[in-house]
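Chain by chain, the residues run as shown.
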Amino acid sequence: MKKTPLHEKHVALGAKIIDFGGWAMPVQYTNVIDEHKATRTAATLFDICHMGEIEFSGPQATDLLQFALTRDLAGQKIGQVKLSALLNDQGGIIDDLTVYKMAEDFYMLVTNATTLEADFQRIKAILDQKKFNCRMEDISEKTGKLDLQGPRAEEILQTLSDADLKNIRFYHFAQFPVAGIPAIISRSGYTGEDGFEIYAAAEKISLIWDALMDAGRSSGMKPAGLGARDTLRLEAGMMLNGQDMTQEMSPLEVPYGWLVDWSKDFAGKSALVSLRDRGIEKKIAGLEMTGRGIARHGYAVKSGEREIGLVTSGTFAPTLNKAIGLAFIDIEFTAPDTEISIIIRDTASAARVVKLPFYKRPK
Amino acid sequence: MSQNNPADRLYSKDHEWVKDNGDGTAVVGITDYAQEMLTDIVFVELPPVGKKVAQGEPVAMVESVKSVSDVYAPVSGEVIEVNVELENAPDLINTDAFGKGWIAIVKLADKDELKSLLSAADYDTLIREEKH
């Protein structure tokens with residue numbers, strides 16, 4: 001298994017380590033509920049060094065990404081982050097990724113860990129075919145990433161930086177030293193809370209980790225693992241690629257339809273247009289259990305006796321204190337308040353379709 | 001270990017405990033080590049009273065935030081009582097695995113099966129090995 005630069009720190013903290021797509025990652029330090037609640041009430045620090053980063057530079061960097069990705073990037077400003085999708089020729093989702101515009105002809109793309117290679121190959125193929133004047137480089141190995149999330153994230157990070165963090169708006173970033181280490185600081189995340197994604201050189205990332213662990217102690221900050229990351233993102237109604245979305249699903253079938261700009265040309269568009277014209281049969285919907293039990297990935301979903309789909313993500317939601325999930329089901333059952341049932345160990349348990357997100361942070 | 005394994009009961013290799021009531025019935029639960037491995041238990045699926053179980057077969061199900069795990073019957077018999085408290089407070093298993101977190105009472109089908117289980121000392125050794 002691959003290890004992040006922080007692996008020894010996780011072991012020393014007593015973390016439970018799991019194999020996440022070939023990476024040895026901390027799933028929890030104490031327990032998921034503690035770490036989840038700490039993120040909602042104070043702050044937590046996540047090692048996200050496993051995620052991928054690809055740099056694009058050259059006069060046609062914008063042209064390449066504008067064609068490779070579904071979202072319109074023409075209006076993106078330097079210092080702005082945009083979520084987008086990368087499709088295959090069938091209109092299926094290869095990855096959801098964030099686009100950082102660093103300069104007019106310079107971008108950083110942040111990918112999921114398990115799809116980095118597929119993303120790189122797909123965009124490289126587009127680059128070669130279209131012969132854009134752009135250079136792309138996988139900088140994942142030399143880039144470290146930490147997520148500092150929670151209502152107290154800003155005050156903690158502020159103690160380690162001279163720049164005023166208040167000037168960084170949601171889904172924007174800036175570059176300045178954190179604890180003396182050059183870094184990219186983005187106000188964004190995968191938890192539904194305020195917070196930051198911090199990028200720095202892989203060999204220096206442990207210095208930022210240590211500084212944050214010290215700085216955050218008095219604010220109740222603690223490290224959190226992938227277990228809490230998953231329950232947090234699910235409460236916030238965010239998809240997990242490879243689980244709620246697969247290459248067999250298009251953006252029309254997930255709550256990410258807004259990522260598609262139909263006015264421009266992009267890779268996978270013609271297939272997506274025919275899917276749109278034909279009409280989709282299934283879509284991802286949020287659900288909450290009204291009966292007993294917890295919906296889990298892979299459980300069947302029924303309406304009466306009719307099987308209408310499968311649960312893609314399901315968990316006990318610590319903030320909401322109830323069982324929630326996402327399911328990929330026949331579209332006529334996706335309206336909020338539709339009564340459905342989840343088959344848990346051969347028994348139908350009642351559930352209800354609900355609007356996403358499940359949780360919205362108080363402003 | 002936050003709790004020692006009490007000497008007044010027997011243990012399975014799958015981390016269940018059995019307390020022989022001496023009247024042909026026994027209380028069954030999961031060990032403190034098991035709850036530590038599972039962490040934050042959020043749901044317990046109890047067997048119906050009257051269910052007949054065989055040693056080593058699933059008798060209940062415990063779910064943490066992230067996992068679903070079988071509880072295997074450490075002895076064969078008929079379930080005569082279940083801990084309904086767990087339906088509203090599944091975390092009793094986390095806070096008191098050997099006490100308030102008990103799962104079921106079983107009318108023993110074969111008292112000899114108790115001999116196949118581990119003593120507290122043997123179970124201590126087993127989990128020490130598992131931790132390495």
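**Quick word on the sheet that holds strand E20 (residues 347–354) of chain A**
All names here are of chain A.
- With antiparallel pairing, the six strands of this closed barrel are ordered in space as E15-E18-E17-E16-E19-E20. Here the strands of the sheet are splayed against their neighbours by 45 degrees on average, with no regard to which way each runs.
- Across four bridges, the pairing between strand E16 (residues 300–303) and strand E17 (residues 306–317) is antiparallel. Looking at E17, one finds that Lys302 is bridged to Glu307.
- Relative to E17, helix H7 (residues 226–235) is tilted by about 120 degrees, and along the sheet it contacts E17 and strand E18 (322–330).

**Quick word on the pairing of E20(A)**
Residue and element names in this part refer to chain A.
- Relative to E20, strand E15 (residues 282–289) is paired through four bridges, and the arrangement is antiparallel. Residue pairing across strands places Met289 opposite Ala351, the latter belonging to E20.
- Sheet topology note: the strand E19 (residues 339–344)/E20 ladder contains six bridges and is antiparallel. Paired with Glu339 across the two strands is Arg352, which belongs to E20.
- In textbook terms, the turn of a hairpin is the stretch between consecutive antiparallel strands, and for E19 and E20 this stretch comprises two residues, one of which, Arg345, has a positive phi near 50 degrees.

**Thoughts on the sheet that holds strand E8 (residues 77–82) of chain B**
Residues and elements named next belong to chain B.
- Taken in spatial order, the six strands line up as E1-E2-E3-E9-E8-E5 in an open sheet, and their pairing is antiparallel. Only two strands of the sheet have a single neighbouring strand rather than two, namely strand E1 (10–11) and strand E5 (52–53).
- In the sheet, E1 pairs with strand E2 (residues 16–20) via two bridges, with the strands oriented antiparallel. From the neighbouring strand, Tyr11 faces E2, where its bridge partner is Trp17.

**Concerning the packing of helix H2 (residues 32–41) of chain A against H7(A)**
Residues and elements named next belong to chain A.
- At a minimum axis distance of 8 Å, the contact between H2 and H7 shows a crossing angle of 55 degrees. Viewed along their axes, H2 and H7 adopt a mutual orientation that is oblique. Note that H2 runs across H7; the crossing there is right-handed. Between H2, through Val32, Glu35, His36 and Thr39, and H7, the contact on the second element is made entirely by Gly227, Ala228, Thr231 and Leu232.
- A class-by-class count of the residues in the contact of H2 with H7 yields three nonpolar, four polar and one charged.

The rules behind the values
- Residues numbered from 1 in each chain as written.
- Chains lettered and ligands numbered in written order.
- Predicted model: local features only at pLDDT ≥ 70, side-chain atom pairs only at ≥ 80, totals over all residues.
- Pairing = 2+ DSSP bridges.
- Helix = DSSP H or I, 4+ residues; strand = E, 2+ residues; numbered from the N terminus.
- Axes fitted to C-alpha atoms, helices over the stretch in contact; angles between N-to-C directions.
- Contact = placed C-beta atoms within 7 Å.
- Parallel < 35°, antiparallel > 145°, perpendicular 65-115°, else oblique.
- Left-handed = near helix turned anticlockwise from the far one by under 90°.
- Nonpolar A, V, L, I, M, F, W, Y, C, P; charged D, E, K, R; others polar.

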